[in-house]
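# Coordinate inspection notes
Spelled out, the chains give:
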Amino acid sequence: MVLYLFSKEEVIRFVNDINDTNPIHRENPYVVPGCMILETMWDFWNISKSALQMAIYFHAPVIADDKVTLVEYPEDAHVEGYIGDTCWLFRLRFW
């Protein structure tokens, strides 16, 4: 298990870098862009493994400054993100 936090400052920097003008990423509650999650999770997974592709399925929005718990399931190459024990945010599959 790994804890990860997407800070408000990181979200703003990311959307500025990619010229994303969607207000849900620039105003409270600062929803973390899906592309930012994809990029971060790709880097997280490929530090120790080699994947060629991945897919993400969102179940709830990730909000800036929420502590996201990443649970890795290497036996079937996927990662799940949660807030607390109950709020399932996303599931990633790698292959």
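A short tour of the structure in this document, coming up. Remember, predicted model here, so these are calculated numbers, not experimental data. (Residues numbered from 1 in each chain as written. Predicted model: local features only at pLDDT ≥ 70, side-chain atom pairs only at ≥ 80, totals over all residues. Heavy atoms only, no water.)

## So, unusual backbone geometry
In this structure, the amide linkage connecting Asn28 to the following residue, Pro29, adopts the cis form with an omega of 20°. Structurally, Pro29 is set in the loop between helix H2 (23-26) and helix H3 (34-46). A positive phi angle, near 55°, is found at Tyr30, a position not held by glycine. Within the secondary structure layout, Tyr30 lies in the loop between H2 and H3. (Helix = DSSP H or I, 4+ residues; strand = E, 2+ residues; numbered from the N terminus.)

## A few points about the environment of Lys67
Inspection of the secondary structure assignment puts Lys67 in strand S3 (residues 67-73). What makes Lys67 exposed here is its relative accessible area of 56%. For the pair formed by Lys67 and Tyr82, sequence separation is 15 residues and the distance between their alpha carbons is 8.4 Å. Other than its neighbours up to four places away in sequence, Lys67 contacts Tyr4, Leu5, Tyr82 and Ile83. (Buried < 20%, exposed > 50% of the residue type's maximum accessible area, 1.4 Å probe, protein only. Contact = heavy atoms within 4.5 Å.)

## Let's talk about the side chain of Thr40
Residue position: Thr40 is located in helix H3. Here the side chain of Thr40 touches Met36 through a polar contact of 2.8 Å, landing on its backbone oxygen. (Polar contact = N/O pair within 3.5 Å; in protein donor to acceptor, adjacent residues only side chain to side chain.)

## Quick word on the nonpolar core
Ranked by internal contacts, the top residues of the largest apolar core, which has 21 residues, are Val32, Ile37, Val62, Phe90, Leu92 and Phe94. Of all the elements in the fold, those that place two or more residues in this core are helix H1 (8-17), H3, S3 and strand S5 (87-94). In this structure, Leu92 is in contact with Leu38, Met41, Met54, Ala55, Ile56, Ala77, His78 and Val79, ignoring residues within four places of it in sequence. (Core = buried A, V, L, I, M, F, W, Y, C linked by side-chain atoms within 4.5 Å.)

## Re the pairing of strand S4 (residues 78-83)
Within S4, five of the six residues are buried, leaving the element largely enclosed by the surrounding structure. Sheet analysis places S3 next to S4, joined by five bridges and oriented antiparallel. Its bridge partner being in S4, Glu72 is matched across the sheet by Val79. The antiparallel hairpin formed by S3 and S4 contains four residues in its connecting segment, where Ala77 sits at a positive phi of about 50°. Where S4 and S5 come together, six bridges link them in antiparallel fashion. The residue bridging His78 from the neighbouring strand is Arg93, located in S5. (Pairing = 2+ DSSP bridges.)

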